[in-house]
Amino acid sequence: METKLEMFDDVPGVEDVEGEMTIPANKRTSGSTSKAGPPDFDTLDEPIKDTILRDIRAVGVKFFHVLYPKEKSTLLRDWDLWGPLVLCTFMATILHGSADSQYEGGPEFAQVFVIVWIGAMIVTLNSKLLGGNISFFQSVCVLGYCLTPVAVSLIVCQVILLASVQTKLLFFIRLVTTIGGFVWATYASFIFLGDSQPANRKPLAVYPIFLFYFIISWLVISDSNM
């Protein structure tokens, strides 16, 4: 006995639909030539390697724009949280690893992680309350990517700490490097986020950004154990 489920028996005007639910390759590609505008881009059939490489290139471009903050639209238009996650994990791992050698005097991994993400969220919330015309995730993306100069200063400081004897000159080099990373991070974030704030409220928006990068830079310069 054949059992058949009629789903549309009580709906007038609905007929049975038969055929394959696939679109030939020539149909998918030919649609882009029939109308103006950018061609259709389908990533469903794209190899996984190409997808990963494209995302890595996009993250690398954002790192470059932070180190050379002239072009503003890329970080704001094509925002993502991969770069901030990588930077936060890297810095937390380095600072936590150096603290473990002496069991004191350094932050835990979770502490660095919380400071970075909660701090970025608080700065973003302050920006929104001041009337900023930027989305929440765009602001978090910019603040996270702008940690790049601070992360570079952390690498330099860790290399200097490899010296068996720490002199005042080496500490001065670490201090200058950390200050440079802090200033560059604050400057880059202001370049990207400054235009999103009302002109009469920009100082109120810059102060939390200044404090955010100052706290993280303080963790970098205060880390003296390897």
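Described below are features of the structure shown in this document. Every value quoted in this text rests on a predicted model; they were computed, and no experiment measured them.

## What to know about the overall build of the chain
Move 1: Helix and strand counts for the chain come out as nine helices and zero strands.
Move 2: Burial status across the chain gives 34% buried among its 226 residues.
Move 3: Total accessible area computed for the chain in this model is approximately 14600 Å², and 67% of it derives from carbon and sulfur atoms.

## Observations regarding empty space enclosed by the protein
Move 1: Evaluated as defined, the whole model comprises one cavity of 30 Å³ or more.
Move 2: Put simply, the largest cavity is a space of about 90 Å³.
Move 3: Around the largest cavity, the lining comprises 13 residues; the ones closest to its centre are Ser127, Leu193, Gln197, Ala205 and Ile209.
Move 4: Element by element, the count of residues in the lining of the largest cavity is highest for helix α9 (residues 202-222), at four residues.
Move 5: Each residue belonging to the lining of the largest cavity can be placed in one class, and the counts come to seven nonpolar, five polar and one charged.

## Brief notes about the environment of Ile215
Move 1: Here Ile215 shows up in helix α9.
Move 2: The exposure class of Ile215 is partly exposed, given its relative accessible area of 38%.
Move 3: As a C-alpha pair, Ile215 and Ile115 span 100 residues in sequence and 8.6 Å in three-dimensional space.

## Things to note about the side chain of Ser139
Move 1: Position of Ser139 among the secondary structure elements: in helix α6 (residues 136-145).
Move 2: A relative accessible area of 1% means that Ser139 is categorised as buried.
Move 3: Ser139 has contacts with Thr124, Ile134 and Leu193, leaving out every residue within four places of it along the chain.

## Description of the packing of aromatic side chains
Move 1: For the structure shown, the criterion picks out ten aromatic pairs.
Move 2: Ring geometry for Phe63 and Tyr145: centres 5.2 Å apart, planes at 65°, overall edge-to-face. Here Phe63, found in helix α2 (residues 48-67), pairs with Tyr145, found in helix α6; they are 82 residues apart in sequence, far enough to count as distant.
Move 3: With a centroid separation of 6.2 Å and an interplanar angle of 75°, the aromatic rings of Phe182 and Phe214 are classed as edge-to-face. With Phe182 in helix α8 (residues 168-193) and Phe214 in helix α9, this pair connects stretches of sequence that are 32 residues apart.

## As for the nonpolar core
Most often, soluble globular proteins keep nonpolar side chains buried together rather than apart.
Move 1: Within the largest apolar cluster, 36 residues are counted, with the highest numbers of intra-cluster contacts made by Met91, Leu143, Cys146, Val150, Phe212, Tyr213 and Ile216.
Move 2: Listed by contribution, the elements that provide at least two residues to this core are α2, α4 (82-100), α5 (109-129), α6, α7 (148-160), α8 and α9.
Move 3: Once residues lying within four places of it in the same chain are set aside, the contact partners of Val150 are Met91, Gly181, Phe182, Ala185, Tyr213, Ile216, Ser217 and Val220.

## Notes on the pattern of salt bridges
Move 1: Going through the model one piece at a time under the given rule, you end up with one salt bridge.
Move 2: The shortest N-O distance in the salt bridge between Lys62 and Asp80 comes to 3.0 Å. Linking Lys62 in helix α2 with Asp80 in the loop between α3 (73-77) and α4, this pair joins segments that are 18 residues apart in sequence. By the burial criterion, Lys62 is buried, and Asp80 matches it.

## Some points on the packing of α2 against α8
Move 1: At a minimum axis distance of 9 Å, the contact between α2 and α8 shows a crossing angle of 105°. Here α2 lies roughly perpendicular to α8, going by the angle between them. Within the contact between the two elements, α2 uses His65, Val66 and Leu67 and α8 uses Trp184, Ala188 and Phe192.
Move 2: Residue classes in the contact of α2 with α8 are distributed as five nonpolar, one polar and no charged.

## What about the environment of Thr93?
Move 1: With respect to the helices and strands, the residue Thr93 is situated in helix α4.
Move 2: The exposure class assigned to Thr93 is partly exposed, which follows from its relative accessible area of 42%.
Move 3: Spatially, the C-alpha atoms of Thr93 and Phe109 are 6.2 Å apart, while their sequence positions differ by 16 residues.

Here is what the cut-offs are and how they apply
Per chain, residues are indexed from 1 in the order of the written sequence. The predicted origin of the model limits local features to residues at a pLDDT of at least 70 and limits the giving and counting of side-chain atom pairs to 80 or more, whereas totals for whole chains, interfaces and linings rest on all residues. In computing side-chain values, all of the structure's heavy atoms are included and hydrogens and water are not. Think of it this way: any DSSP run of H or I at least four residues long counts as a helix, any run of E at least two long counts as a strand, and we number them from the N terminus. Only protein chains enter the accessibility calculation, which uses a 1.4 Å probe; a residue whose area is less than 20% of its type maximum is buried, one above 50% is exposed, and one in between is partly exposed. Computed with the Shrake-Rupley method and a 1.4 Å probe, the accessible areas treat only the protein chains shown as cover for residues. A 1.4 Å probe that fits into a set of points on a 1 Å grid over the protein atoms alone but cannot get out defines a cavity; an open set with protein on both sides within 12 Å along at least five of seven lines defines a pocket, and lining residues are those with an atom within 4 Å of a point. Grid points are joined across faces, edges and corners, and a volume is the space filled by probe spheres set on the points. In this classification, the charged set is Asp, Glu, Lys and Arg, the nonpolar set is Ala, Val, Leu, Ile, Met, Phe, Trp, Tyr, Cys and Pro, and all remaining amino acids, among them Gly, are polar. In this analysis, two residues are considered to be in contact whenever any of their non-hydrogen atoms come within 4.5 Å of each other. Stacked, tilted and edge-to-face pairs are distinguished by plane angle, under 30 degrees for stacked and over 60 for edge-to-face with tilted covering the rest, among Phe, Tyr and Trp rings (Trp via its six-membered ring) whose centres lie within 6.5 Å. What we call a nonpolar core is a set of buried Ala, Val, Leu, Ile, Met, Phe, Trp, Tyr and Cys residues that are connected through their side-chain atoms within 4.5 Å. A pairing counts as a salt bridge when a side-chain nitrogen of Lys or Arg comes within 4 Å of a carboxyl oxygen of Asp or Glu. Axis definition: a line fitted to C-alpha atoms, limited for helices to the stretch in contact. Angles are taken between N-to-C directions and run from 0 to 180 degrees. Each angle gets one of four labels, with under 35 degrees taken as roughly parallel, over 145 as roughly antiparallel, 65 to 115 as roughly perpendicular, and the rest as oblique.

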